[in-house]
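Analysis of the macromolecular model
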Protein chains: 2
Amino acid sequence: MRRIAPDRDQLLGIVAEVFREHGYEGASLALIGAATGLGKGSLYHFFPGGKEEMARAVIAHIDGWFEDNVFAPLRDNADPQAGIEQMLEATDSYFRSGRRVCLVGAFALDESRDLFGGQIRDYFGRWITHLAEALARSGHRPGEACELAEETVAAIQGALTLARAANDLDVFSRALRRLRMRLGLPAKI
Amino acid sequence: MRRIAPDRDQLLGIVAEVFREHGYEGASLALIGAATGLGKGSLYHFFPGGKEEMARAVIAHIDGWFEDNVFAPLRDNADPQAGIEQMLEATDSYFRSGRRVCLVGAFALDESRDLFGGQIRDYFGRWITHLAEALARSGHRPGEACELAEETVAAIQGALTLARAANDLDVFSRALRRLRMRLGLPAKI
DNA sequence: GCGACATTGTACCGGACGGTACAATGAGTC
DNA sequence: GACTCATTGTACCGTCCGGTACAATGTCGC
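Cut-offs applied
Residues numbered from 1 in each chain as written. Chains lettered and ligands numbered in written order. Predicted model: local features only at pLDDT ≥ 70, side-chain atom pairs only at ≥ 80, totals over all residues. Heavy atoms only, no water. Helix = DSSP H or I, 4+ residues; strand = E, 2+ residues; numbered from the N terminus. Rg over C-alpha atoms; globule rule 2.2 N^0.38 Å. Contact = heavy atoms within 4.5 Å. Areas by Shrake-Rupley, 256 points an atom, 1.4 Å probe, with all protein chains shown as cover. Buried area = accessible area lost by both parts, 1.4 Å probe. Salt bridge = Lys/Arg side-chain N within 4 Å of Asp/Glu carboxyl O. Nonpolar A, V, L, I, M, F, W, Y, C, P; charged D, E, K, R; others polar. Near = heavy atom within 4 Å. Polar contact = N/O pair within 3.5 Å; in protein donor to acceptor, adjacent residues only side chain to side chain.

**Side note on the overall build of chain A**
Of the regular secondary structure elements, chain A holds nine helices and zero strands. Ordered by position in the sequence, the α and β elements of chain A form the string α-α-α-α-α-α-α-α-α. By the compact-globule yardstick of 16 Å for 189 residues, chain A fits well, its C-alpha radius of gyration being 17 Å. For chain A, the C-alpha atoms occupy an extent of roughly 55 × 35 × 30 Å along the three principal directions. Look at the contacts in chain A between residues 6 or more apart in sequence, and 65% of them connect residues 24 or more apart. Accessible surface, chain A as shown: approximately 8200 Å² in total, 53% of it carbon and sulfur.

**Topic: the interface of chain B and chain A**
For interface size, the figure often reported is the accessible area lost on association. Taken residue by residue, the interface counts 36 residues in chain B and 36 residues in chain A. Counting each side, the surface lost to burial between chain B and chain A is near 3400 Å², with a carbon and sulfur contribution of 55%. When the buried area of chain B at its contact with chain A is split by residue, Leu109(B), Arg164(B) and Arg178(B) rank highest and sum to 21% of it. Taken together, the connections running from chain B to chain A amount to ten salt bridges. Across the pair Glu150(B) and Arg178(A) runs a salt bridge whose closest N-O atoms are separated by 3.8 Å. Elements represented by at least two residues in the side of chain B that touches chain A include exactly α1 (6-26), α6 (103-109), α7 (113-137), α8 (142-166) and α9 (170-182) of chain B. In terms of residues, the side of chain B that touches chain A owes the most to one element, α8(B), which gives 13 residues. Counted by class, the side of chain B that touches chain A contains 14 nonpolar, eight polar and 14 charged residues.

**Section: the protein's contact with DNA strand D**
Neighbouring residues of DNA strand D: 14 residues in total, closest Leu29(A), Lys40(A), Tyr44(A), Lys51(A) and His45(B). By atom count, sugar and phosphate contribute 58% of the portion of DNA strand D lying within 4 Å of the protein. Taking Leu29(A), its main chain carries an N or O atom lying 2.7 Å from a phosphate oxygen of DNA strand D. A distance of 2.4 Å separates a base oxygen of DNA strand D from a polar atom in the side chain of Lys40(A). At the level of elements, α2 (29-36), α3 (40-46) and α4 (50-76) of chain A together with α3 (40-46) of chain B are the ones that each hand at least two residues to the surface near DNA strand D.

**Quick look at the protein's contact with DNA strand C**
For DNA strand C, the set of nearby residues contains 14 residues, the closest of which are His45(A), Leu29(B), Lys40(B), Tyr44(B) and Lys51(B). Among atoms of DNA strand C positioned within 4 Å of the protein, sugar and phosphate together represent 58%. The separation between a phosphate oxygen of DNA strand C and a polar side-chain atom of His45(A) is 2.9 Å. If you list the elements that add at least two residues to the surface near DNA strand C, you get α3 of chain A together with α2 (29-36), α3 and α4 (50-76) of chain B. In terms of residue class, the surface near DNA strand C is built from six nonpolar, six polar and two charged.

Put into structure tokens, the structure is as follows:
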């Protein structure tokens, strides 16, 4: 499906983790080098544009993962409810039940948004659009579906913030449970 | 109520804005100096502990504002519904209807959480606790009140993230409108 | 072995970083 | 004026920053 070389694929995963933990400004090349085991020579060989290109590639990588595992089910599953259920499961697994933070959401908050604004807007925009479309197919009125989709994505982002603030993973799983109810899915998968 | 010298009070407001826009790592002393008009000499005179003490003071300052304008109404207003309404209005005005980001939430996301974990946990913890208490007083069952309070604070945080990501203030006002409905308040203040 | 090219380590650059030292001001009291 | 003490500007420190240069390796096909 994606034809990125496998090593580059996992390389981007490691770099993503550094950005997630330290933010764009805080993720120094030294930290990235230590995490990946690569020297500056290699890093600049793979990403001639430096840190900014790394971040851009990482966002695109995440976007690709969501496209395959979150947006595609919402769009392609004949049963919209099943697609929404797949979305929630993929979301829970991606964010490791709240252990992980949303890198795109974190980038949206500080001034690094100015560098990646287009990618950030696109990521959340598609998430909400595809979810709203699935909700509409499952019986909600269009306007109501849009609001509910926006509310859902916001609830996920907020739960990630709160879970990390409270250092309590249950915050995230409670939020997902409420969302299941709110979206008309059977409780407890 | 608060007996901080007035100039220090507004100084903290300016420094807070720099942290909000650039994050803890991104807020350099040069930026803070430029924003406040103070040289390093003055900054280190007021905050001998440097950047970390500035951030700690800024969080405490924000916490104080929320204590006076958000938590107190929730706690002290005899009519819990009115207190909740006051909370939402104060929240809307504090975040400038979505133009502003939550500094404490932003700090929670990256590794600066490790420095300020206690203050961050306290801020959100008290927000949720006081809101849950007001909800319980207004008729919700205790467990349900806790969940609804957590859901509300998460929705606010998520809406701030999404509003900035989409660069669309309406995202935040829509979220507040939904919360009013969800919390049993009359629509449109 | 050979050449071509991808990959790597290392040394280095100028500049910005957080933080310190300290002398020079200012404002108030007596 | 003289003594205090808060406040400020400036020069400076060592370190780390993102980024560049480049020679040394690997690893292929031939």
